[in-house]
Amino acid sequence: MNRLNQLTEIHQSGKPYIIYKSKKGFNLYTNFSKKIILNNKNIKSFLTKKNKKKSKDTDLFIGFFGYELLNNLIDVKIPKQKNLNFPKGIFYKPEKKIKLSNKLNYDFENFKSGNFKININRKNYTKIFNRFKKKIKSGETYQIKICTKYKTKSKINPLDFFSRLSNTNLAPEAFMIKDHNFSIISCSPETLITKKGSDISTKPIAGTVKKTKRLNKMKALNYFRKNLKETKEHNMIVDMERNDLSRICKVGTVKLSKQKIVEEYKDLFHYVSLIKGKLKKNINNFEIIKAMMPGGSVIGCPKINTLNLLNNQEKENRNIYTGSFGYIKFNGDMRFNIIIRSILNFKNISEISVASGVVVDSNANHEFNENFLKAKALIDLFK
């Protein structure tokens, strides 16, 4: 049986499984022997527990931390919000791993979906934008990311959606989770943590421009370099993530490896840097997660102050959005992304959350349109 047939068989069996982008294709994880639902009480023990080091491909836990859990981890409280009662985080212990190619060809299936509704319209977005602009001018924050959410009632086949998404908008941190009562489909581009031994790196994305027939990769780079707003935003996020790394790395080891390059996606170009460091001795995974999450590039800076401003403004729980998905191996190595460009389907409701950065030079209309641009590749799957 070839691997795509195996994937189809696993999908049709109803067993939970996870697909995660690898260097050469995708890895499929299934036959879960453990499922750990995280909360504020058990997250520390989960991250500090020593697992017996083995050499199997499946000697790892794979799953996600939700936004609320990561806030609580750094003692940032979230006021009461409207929510779906979706789990704050789940990790799985797989017993089977299958390597797949980049091409996931799965037969198109019919799905039921209504029209998407946005939780903040342009008028209300502008009010929030202007309120935060005052906070920036008063020095309470320097950059802040306003989240908008698109929702619709729907019944979807997550494998069909993920296959089409990966064939049209392949992203380096794409992943999919299918469990009995929910699914997540993601084309996330941003790697938050890559840890191998004492080496650690992060790859912040700050800067977005729409693709056009006239705008190629080189012209996009020139656009970012000449655009004062995009440059300021990028520099602030890079400085913040360098600072986050410096808390857990040896003095003098945190360095920019790649600075301000452009990455290309289906509808847009991103402005990207890569930062590397060497971990201090005896730093554990709990301390790494606390230092690095939630990822600064999708929050704003300074991080704690900005999180408090956002949480007091937002009326709906973010669930998975700006949380983190990835794995922790039994030897301590890990890889985590930032959950953006994702669909959460739970209780037959699909939600897509997006955000764009507000700095002192920002324009409300432009940022509102940028949010839609980021959601478009996912909304198009429902057409």
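Residues numbered from 1 in each chain as written. Predicted model: local features only at pLDDT ≥ 70, side-chain atom pairs only at ≥ 80, totals over all residues. Heavy atoms only, no water.

### Observations regarding helix 9 (residues 303–313)
And then number 1: Those residues of helix 9 not exposed but buried are Lys303, Thr306, Leu307, Leu309, Leu310, Asn311 and Gln313.
And then number 2: Against helix 3 (67–73), helix 4 (122–137), strand 9 (143–155), helix 7 (228–246), helix 8 (285–292) and strand 17 (300–301) lie the buried residues of helix 9. (Buried < 20%, exposed > 50% of the residue type's maximum accessible area, 1.4 Å probe, protein only. Helix = DSSP H or I, 4+ residues; strand = E, 2+ residues; numbered from the N terminus. Contact = heavy atoms within 4.5 Å.)

### Quick notes on the packing of helix 4 against helix 9
For any two helices packed against each other, one specifies the crossing angle of their axes together with the interaxial distance.
And then number 1: Viewed as axis vectors pointing N to C, helix 4 and helix 9 meet at an angle of 155°, and their least axial separation amounts to 12 Å. In terms of axis orientation, helix 4 runs roughly antiparallel to helix 9. The crossing of helix 4 and helix 9 is right-handed. Of the residues in helix 9, those in contact with Ile128, Arg131, Phe132 and Lys135 of helix 4 are Leu309, Leu310 and Gln313.
And then number 2: Counted by class, the contact of helix 4 with helix 9 contains four nonpolar, one polar and two charged residues. (Axes fitted to C-alpha atoms, helices over the stretch in contact; angles between N-to-C directions. Parallel < 35°, antiparallel > 145°, perpendicular 65-115°, else oblique. Left-handed = near helix turned anticlockwise from the far one by under 90°. Nonpolar A, V, L, I, M, F, W, Y, C, P; charged D, E, K, R; others polar.)

### Section: the environment of Leu4
And then number 1: Tracing the sequence through the fold places Leu4 in helix 1 (residues 3–13).
And then number 2: When the C-alpha atoms of Leu4 and Lys99 are compared, they prove to be 9.7 Å apart, with 95 residues separating the residues in sequence.
And then number 3: Apart from the residues within four sequence positions on either side, Leu4 is in contact with Lys103, Leu104 and Asn105.

### So, unusual backbone geometry
And then number 1: Along the chain, Met293 connects to Pro294 via a cis peptide bond; the corresponding omega equals -10°.
And then number 2: Among the structural elements, Pro294 can be located in the loop between helix 8 and strand 17.
And then number 3: In this chain, Cys301 is followed by Pro302 through a cis amide linkage whose omega measures -5°.
And then number 4: Backbone geometry at Asn319 places phi at a positive 55°, although glycine is not the residue there.

### Remarks on the pairing of strand 10 (residues 175–178)
And then number 1: Going residue by residue along strand 10, you find Phe175 and Ile177 tucked away on one face and Met176 and Lys178 tucked away on the opposite face as well.
And then number 2: Across four bridges, strand 1 (residues 17–21) lies against strand 10 in antiparallel orientation. Looking at the pairing, Tyr20 lines up with Phe175 of strand 10.
And then number 3: Sheet analysis places strand 10 next to strand 11 (residues 182–186), joined by four bridges and oriented antiparallel. The partner of Lys178 across the bridge, within strand 11, is Ser183.
And then number 4: Linking two consecutive strands that pair antiparallel, namely strand 10 and strand 11, is a turn of three residues. (Pairing = 2+ DSSP bridges.)

### A few points about the packing of aromatic side chains
And then number 1: Within the structure shown, the criterion is met by 22 aromatic pairs.
And then number 2: Relative to Phe91, the ring of Phe46 has its centre 5.0 Å away and its plane inclined at 45°; by these criteria the two rings are tilted. Pair noted here: Phe46 is in helix 2 (residues 43–48) and Phe91 is in strand 5 (residues 89–93), with a separation of 45 residues, a long-range link.
And then number 3: By the ring-pair criterion, three or more aromatic residues cluster together here, those being Phe46, Phe61, Phe65, Phe91, Phe330 and Phe336.
And then number 4: Lying across the ring of Tyr67, Arg318 places its NZ or CZ 4.7 Å from the centre. (Phe/Tyr/Trp six-rings, centres within 6.5 Å; stacked < 30°, edge-to-face > 60°. Lys NZ or Arg CZ within 6 Å of the ring centre and 35° of its normal.)

### Some thoughts on a positive patch on the surface
And then number 1: Side chains of Lys123, Lys127, Arg131, Lys134 and Lys315 sit close together on the surface and give a patch of like positive charge.
And then number 2: Along the chain, the position of Lys134 falls in helix 4. (Patch = residues over 30% accessible without salt bridge, like charges linked within 9 Å, V, L, I, M, F, W, Y side chains within 5 Å. Areas by Shrake-Rupley, 256 points an atom, 1.4 Å probe, with all protein chains shown as cover. Salt bridge = Lys/Arg side-chain N within 4 Å of Asp/Glu carboxyl O. Lys, Arg positive; Asp, Glu negative; His and termini not counted. Charge placed at Lys NZ, Arg CZ, Asp CG, Glu CD.)

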